[in-house]
Amino acid sequence: MAAPAATQSALQKFINSPAGPKTIHFWAPAMKWALVIAGVGDLSRPAEKLSAGQNASLAATGLIWTRYAMVITPKNWTLCTVNVFVAATGITQLARIWKYRQTDEYKQKVAAENAVAAASKV
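Conventions we followed
- Residues numbered from 1 in each chain as written.
- Predicted model: local features only at pLDDT ≥ 70, side-chain atom pairs only at ≥ 80, totals over all residues.
- Heavy atoms only, no water.
- Helix = DSSP H or I, 4+ residues; strand = E, 2+ residues; numbered from the N terminus.
- Buried < 20%, exposed > 50% of the residue type's maximum accessible area, 1.4 Å probe, protein only.
- Polar contact = N/O pair within 3.5 Å; in protein donor to acceptor, adjacent residues only side chain to side chain.
- Contact = heavy atoms within 4.5 Å.
- Phe/Tyr/Trp six-rings, centres within 6.5 Å; stacked < 30°, edge-to-face > 60°.
- Expected span 1.5 Å × (residues − 1).
- Arc of directions from axis to C-beta.

What about the side chain of Asn83?
At step 1: Within the secondary structure layout, Asn83 lies in helix α4 (residues 77-101).
At step 2: When its relative accessible area of 0% is taken as the criterion, Asn83 is described as buried.
At step 3: Among the polar contacts made by the side chain of Asn83, one reaches the main-chain carbonyl oxygen of Leu79 at a distance of 2.8 Å.
At step 4: Beyond its immediate chain neighbours, meaning those up to four positions away, Asn83 contacts Lys32, Thr61, Gly62, Trp65 and Thr66.

As for the environment of Ala34
At step 1: Summarising the element assignment, Ala34 is placed in helix α2 (residues 24-41).
At step 2: The class for Ala34 is partly exposed, based on a relative accessible area of 48%.
At step 3: The spatial distance from the C-alpha of Ala34 to the C-alpha of Val82 is 9.8 Å, given a sequence separation of 48 residues.

Regarding the packing of aromatic side chains
At step 1: Going through the model one piece at a time under the given rule, you end up with five aromatic pairs.
At step 2: Centroid distance Trp33 to Phe85: 5.4 Å. Interplanar angle 50°. Geometry classified as tilted. Taken together, the positions of Trp33 in helix α2 and Phe85 in helix α4 put the pair 52 residues apart, joining distant regions of the chain.
At step 3: Take Trp33: its relative accessible area is 32%, and that puts it in the partly exposed class.
At step 4: Here the aromatic rings of Trp65 and Tyr68 are separated by 4.9 Å at their centres, their planes lie at 80°, and the arrangement is edge-to-face. Of this pair, Trp65 and Tyr68 both sit in helix α3 (residues 52-71), separated by three residues, roughly a single helical turn.
At step 5: The class for Tyr68 is partly exposed, based on a relative accessible area of 37%.
At step 6: An aromatic cluster is built from Phe14, Phe26 and Trp27, whose rings are joined through pairwise contacts.

A word on α2
At step 1: A rise of 1.5 Å per residue sets the reference length of α2, with its 18 residues, at 26 Å; its end C-alpha atoms lie 26 Å apart and thus fit the reference within 8%.
At step 2: Considered for burial, the residues of α2 that qualify are Phe26, Pro29, Lys32, Val36 and Gly39. The buried residues of α2 all sit within an arc of 135° when viewed along its axis, so they share a single face. The exposed set on the far side of α2, more than 90 degrees from its buried face, consists of Ile24, Met31 and Ile37.
At step 3: Packing partners of the buried residues in α2 comprise α1 (10-15), α3 and α4.

Okay, here's the thing in structure tokens:
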């Protein structure tokens, strides 16, 4: 049986808390940091190789789950924190994709692809 809260150390309070390591409320956010690490790793990839759909999904997921983490009981600050970072990496990548698609290089590439597609239909 757990000791009364007044006699527990800070570590024991953390371990026995409703969002501590004995619950899924701790481990799900801990594993979700892999998405953040992958998103940060993608910062070195060229923007033309990034998926707008995938990063939009990451951004939306991060925003939705950040809100969820604040309305559940107990409030799950670790879930909130990781999802803020998931949303931030998704939004950052979407900004990089958008910026790339505004370049002349991208517009010329799309025009060339459209010309080839139109020529192949004839």
